[in-house]
Amino acid sequence: MNENTIKGNWEQIKGNVQKKWGELTDDELDQINGNRKILAGKLQEKYGHAQDAAEREIEEFERTY
């Protein structure tokens, strides 16, 4: 799954994003709107992940969905 796929299918996958990262609010999911960089930033903010750790989590998520 690439960034264009995430953006194009955001409405379908955002429920799965919220399941995986339950601390993300509906407003934050609307802000993310399929943007991988914003998602990584929110993971860093909410979970205290380093940038590379957030990127790895997103890559893992992309492989499973």
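You'll find the structure just up there.
J.: Tell me about the overall build of the chain, and please be specific about residues and values.
T.: Scanning the chain from N- to C-terminus turns up five helices and zero strands. What you see in the chain, going N to C, is helices and strands ordered as α-α-α-α-α. Along the first, second and third principal axes, the C-alpha set of the chain runs to 25 × 25 × 20 Å. Within the chain, the proportion of its 65 residues that are buried is 31%. Taking all contacts inside the chain whose residues are at least 6 apart in sequence as the whole, residues at least 24 apart take part in 35%. Carbon and sulfur atoms form 41% of the exposed surface of the chain, whose accessible area is close to 4,000 Å². Charge centroids of the chain, computed over 10 positive and 14 negative side chains, lie 3 Å from each other.

J.: Can you lay out the packing of aromatic side chains for me, pointing to particular residues and giving the numbers?
T.: For the structure on display, the rule yields one aromatic pair. For the ring pair W21 and F61, a centre distance of 5.3 Å and an interplane angle of 45 degrees mean the geometry is tilted. In this pair, W21 is assigned in the loop between helix 2 (10-20) and helix 3 (26-32) and F61 in helix 5 (residues 51-64), connecting sequence segments 40 residues apart.

J.: Give me the lowdown on the environment of N9, citing residues and values where you can.
T.: Note that N9 resides in the loop between helix 1 (3-8) and helix 2. Distance in space between the C-alpha atoms of N9 and G34 is 7.8 Å, their sequence separation being 25 residues.

J.: Describe the side chain of K14, listing the residues and the values that go with them.
T.: Mapping K14 onto the fold places it in helix 2. For K14, the side chain forms a polar contact with the side chain of D30, separated by 3.2 Å. Beyond its immediate chain neighbours, meaning those up to four positions away, K14 contacts L29 and D30.

J.: Requested: an account of the pattern of salt bridges, with residues and values cited.
T.: A side chain of one charge can pair with a side chain of the opposite charge if their charged atoms are brought near each other. What the rule picks out here adds up to seven salt bridges. Close ionic contact of E55 with R36 constitutes a salt bridge, the shortest N to O distance being 2.4 Å. With a gap of 19 residues between them, E55 in helix 5 and R36 in helix 4 (residues 36-47) connect regions that are remote in the sequence. Residue R36 is classed as buried on the basis of its relative accessible area of 16%.

Quick notes on the rules
- Residues numbered from 1 in each chain as written.
- Predicted model: local features only at pLDDT ≥ 70, side-chain atom pairs only at ≥ 80, totals over all residues.
- Heavy atoms only, no water.
- Helix = DSSP H or I, 4+ residues; strand = E, 2+ residues; numbered from the N terminus.
- Buried < 20%, exposed > 50% of the residue type's maximum accessible area, 1.4 Å probe, protein only.
- Contact = heavy atoms within 4.5 Å.
- Areas by Shrake-Rupley, 256 points an atom, 1.4 Å probe, with all protein chains shown as cover.
- Lys, Arg positive; Asp, Glu negative; His and termini not counted.
- Charge placed at Lys NZ, Arg CZ, Asp CG, Glu CD.
- Phe/Tyr/Trp six-rings, centres within 6.5 Å; stacked < 30°, edge-to-face > 60°.
- Polar contact = N/O pair within 3.5 Å; in protein donor to acceptor, adjacent residues only side chain to side chain.
- Salt bridge = Lys/Arg side-chain N within 4 Å of Asp/Glu carboxyl O.

Limitation: the analysis is restricted to geometry and does not speak to function.
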